[in-house]
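# Summary of structural features
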Amino acid sequence: MSDSDSSLSEPVLKKAVLKEAALAPWRSSLARALHRNRSRPYSRYFQLSTVTAAGHPANRTVVFRDFLPNTNTLTVVTDQRSAKVADIAAHPWAEACWYFTHTREQFRLAGPIAVVGVADSDADLKRARQTAWEALSDNARQQFYWPHPAQPRESEADFSPRDVDEAPPGEFCLVLLIPHAVDHLELRGDPQNRTLYSYQADNTWQVKVVNP
Ligand SMILES: Cc1cc2nc3c(=O)[nH]c(=O)nc-3n(C[C@H](O)[C@H](O)[C@H](O)COP(=O)(O)O)c2cc1C
């Protein structure tokens with residue numbers, strides 16, 4: 001895996017997302033894990049790590065929303081005002097770490113990351129952002145109307161429920177993680193199984209079964 005891909009300009013990167021062709025070989029393992037762990041709602045949470053402008057790691061839990069249709073791209077929703085959006089602008093590369101407790105397997109997915117916001121003009125990405133907004137519960141949508149995250153809590157701050165708009169507010173963003181390297185560790189094997197998937201410049205995947 002080369003880090004040079006992280007220097008892709010954002011429009012180029014977003015177009016690249018949409019051009020992905022074949023589904024990656026790790027997709028079936030991840031789909032199986034999601035299916036087998038579906039009775040545990042927290043199976044859709046993973047940890048997403050970014051790099052701050054100062055070069056420090058930053059990690060937080062997020063909810064996997066879906067794959068961007070016909071791609072290998074993971075989507076997450078977030079607030080434009082959150083620190084991770086500034087991290088991504090400074091360093092558009094991230095790693096997700098996802099552990100499935102029932103099947104006892106971990107996926108680490110690393111690659112370019114991009115934010116789709118209100119100003120994006122690409123029709124497919126606009127649609128994807130709108131679809132993600134519509135898929136959210138009313139409760140989840142409320143948060144995007146709350147006062148600025150991580151600012152001091154004012155006693156008069158308004159967190160009261162309000163009518164949500166059909167169009168997402170400017171604060172609502174769709175985050176796209178495009179895995180270029182995937183490390184799948186299955187603790188259940190005897191011995192454990194570990195498979196590394198690496199995206200190649202010719203749009204293929206190299207698959208290596210390695211020691212755990
Ligand atoms: C279970 C759980 C799920 C979460 N899901 C999301 C999410 O999907 N998107 C998001 O932006 N923050 C989510 N959060 C909040 C983040 O973990 C984090 O606190 C927030 O996004 C601010 O992070 P930042 O300052 O690094 O941007 C979730 C937190 C928890 C505990």
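Our subject is the structure that appears above.
Residues numbered from 1 in each chain as written. Predicted model: local features only at pLDDT ≥ 70, side-chain atom pairs only at ≥ 80, totals over all residues.

## Topic: the site of the ligand
As a structural note, the neighbourhood of the ligand is formed by 14 residues, with R60, T78, S82, A83 and K84 the closest of them. The greatest single-element share of the shell around the ligand, amounting to 5 residues, is contributed by strand β2 (residues 57-63). Partitioned by chemical class, the residues of the shell around the ligand number 8 nonpolar, 3 polar and 3 charged. (Near = placed C-beta within 6 Å. Helix = DSSP H or I, 4+ residues; strand = E, 2+ residues; numbered from the N terminus. Nonpolar A, V, L, I, M, F, W, Y, C, P; charged D, E, K, R; others polar.)

## Regarding unusual backbone geometry
In this chain, D190 is followed by P191 through a cis amide linkage whose omega measures 5°. By secondary structure assignment, the location of P191 is in the loop between β8 (181-186) and β9 (193-199). Located in the positive-phi region is R104, a residue other than glycine, with phi close to 55°. Within the secondary structure, R104 is located in the loop between β5 (93-100) and β6 (105-116). Backbone geometry places N203, a non-glycine residue, at a positive phi of 70°.

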